[in-house]
Amino acid sequence: MAEAYIVGAVRTPVGKKKGGLSAVHPTDLAAHTLKALIDRTGVDPSAVEDVIMGCVMQFGPQSMDIARNAWLSAGLPESVPGVTIDRQCGSSQQSIHFAAQGVLSGTQDLVVAAGVESMSIVPMGASITAALEKGMPFPFGDGWVERYGKQEISQFRGAELMCEKWDLPREELERYAYESHQRAAKAVANGYFRDQITPVSGVEDDEGPRPDTTLEKMAGLKTLKEGGRITAATSSQVSDGSGALLIASEQAVRDHGLTPRARIVTLTLAGDDPVYMLTAPIPATRKALKRSGLSIDDIDVTEINEAFAPVPLAWLKEIGADPARVNPNGGAIALGHPLGGTGAILMTKLLHELERTGGRYGLQTMCEGGGQANVTIVERL
């Protein structure tokens, strides 16, 4: 049976909105990561068969197939093509899936899976805003409206609905957010991320963690919705960042003298209620565990994207994972969520944490627009 291996994984620091990476063109941000990946693995870049890059706001500086443009901006061979994909927040996790599937199918041997987003330069929703300003229809057509009605469809509403369904009080959300900052600050202070990061524009560390935040400060913030439970403190941070991985077949490992760092075990997807929007990691995880033959107790490290605190909290209640093994170095509430870049960044964090701790299995999942989720399970080698 064919195998797909992760042989390289690198990311930029995650920059705060208007922070140290905010002036870096997103194409150059992604190019920097791609160049670092090639340099660190030592592979001949002309042997790469495709560059698959996730990016959500494919508008303005992030349009025109940023995957291809970033590869060329990195000074890498013109012979290598690139494609940009959008599965909302899971875009670069999906790039890992597509890259692995190309290798597992036997049609490719060496594929780059990457992602990028500069939310400082291309704000979330920029493409929709521009379309509406020009009088174009909203993305949901008549058939969608006929099925789901005219109601608010947003991640913010979805997060509030999750709080209601799983009975998650504001205080529990804030305790979770506080712990995310504490874990992230400890990881930064102890240098856990240093080997996985390629510095950009003088920025060496993630800019998001707030080690001095307190529950009292969080309690003083206004909710995003009147009468709601979600605040900025219990939401992911608007960020800039990029990540990239090199996926190789057994043949490529032999031909290029590469060292496999992890094996792709399972790739699954699931859809769920698009109004709740953020719940699909739960069925996707159940599906992945069943397919892999593993139990949640076999998973040493989980990275679940903290789009909002209710996402991991509801997942923990349903899946029954050990909270100590979930986002052990903090998540997007503390470290940021650069949309299309987050999937590749999380997998880079996951791989390095397995290597640091000696864990065997890792699981990555994240909620996505439209009520979707990816799950990837890997085995450290």
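Basis of the calculations
Residues numbered from 1 in each chain as written. Predicted model: local features only at pLDDT ≥ 70, side-chain atom pairs only at ≥ 80, totals over all residues. Heavy atoms only, no water. Core = buried A, V, L, I, M, F, W, Y, C linked by side-chain atoms within 4.5 Å. Buried < 20%, exposed > 50% of the residue type's maximum accessible area, 1.4 Å probe, protein only. Helix = DSSP H or I, 4+ residues; strand = E, 2+ residues; numbered from the N terminus. Contact = heavy atoms within 4.5 Å. Polar contact = N/O pair within 3.5 Å; in protein donor to acceptor, adjacent residues only side chain to side chain. Phe/Tyr/Trp six-rings, centres within 6.5 Å; stacked < 30°, edge-to-face > 60°. Lys NZ or Arg CZ within 6 Å of the ring centre and 35° of its normal. Pairing = 2+ DSSP bridges.

Under the annotation held in an unreviewed UniProt entry, the protein carries the name Acetyl-CoA acetyltransferase and is attributed to Planomonospora parontospora.

Peer 1: Explanation requested: the nonpolar core in the structure shown.
Peer 2: The nonpolar side chains of soluble globular proteins are, as a tendency, buried together. In this structure, L278, I299, W315 and I377 are the most contacted members of the largest nonpolar core, which totals 41 residues. Those elements that provide at least two residues to this core are α6 (155-165), α7 (170-189), α10 (281-292), β8 (299-304), α11 (310-319), β9 (361-368) and β10 (372-380). Here this core takes 6 residues from α11, the largest share from any one element. The residues contacting I377, other than those within four sequence positions of it, are R263, I264, V265, T266, A288, L289, S292, L294, I299, Y361, G362 and L363. Listed in part, the 36 residues of the second largest apolar core include I38, V43, V112 and L246.

Peer 1: Sorry, what's going on with the side chain of N329 here?
Peer 2: Turning to its location among the elements, N329 is positioned in the loop between α11 and α12 (332-335). Look at N329 and you get buried, because its relative accessible area is 5%. Side-chain polar atoms of N329 contact the side chain of E353, separated by 2.8 Å. Setting aside residues no more than four positions away along its own chain, N329 makes contact with R183, A184, A187, Y192, F193, L335 and E353.

Peer 1: Just to check I follow, could you spell out the packing of aromatic side chains for this structure?
Peer 2: For any pair of aromatic rings, geometry is given as the distance between the ring centres together with the angle between the planes. Per the counting criterion, the structure on display carries 3 aromatic pairs. Centroid distance F140 to W144: 4.2 Å. Interplanar angle 20°. Geometry classified as stacked. The class of W144 is partly exposed, set by a relative accessible area of 22%. An aromatic cluster is present here, built from F140, W144 and Y148 joined pairwise through their rings. The ring of F193 is capped by R11, whose NZ or CZ atom sits 5.0 Å from the centre of that ring. Positioned over the ring face of Y192 is R356, at 3.7 Å from the centre of the ring.

Peer 1: What exactly am I supposed to notice about the pairing of strand β1 (residues 5-11) here?
Peer 2: Counting buried positions along β1 gives 7 out of 7 residues, so the element sits mostly inside the fold. Relative to strand β7 (residues 262-271), β1 runs antiparallel, the two sharing 2 bridges. Bridge assignment links I6 to a residue of β7, and that residue is A262. As defined by bridge partners, β1 adjoins strand β6 (residues 239-248) across 6 bridges and the pair is classed as antiparallel. Considered in β6, the bridge of Y5 is made with A248.

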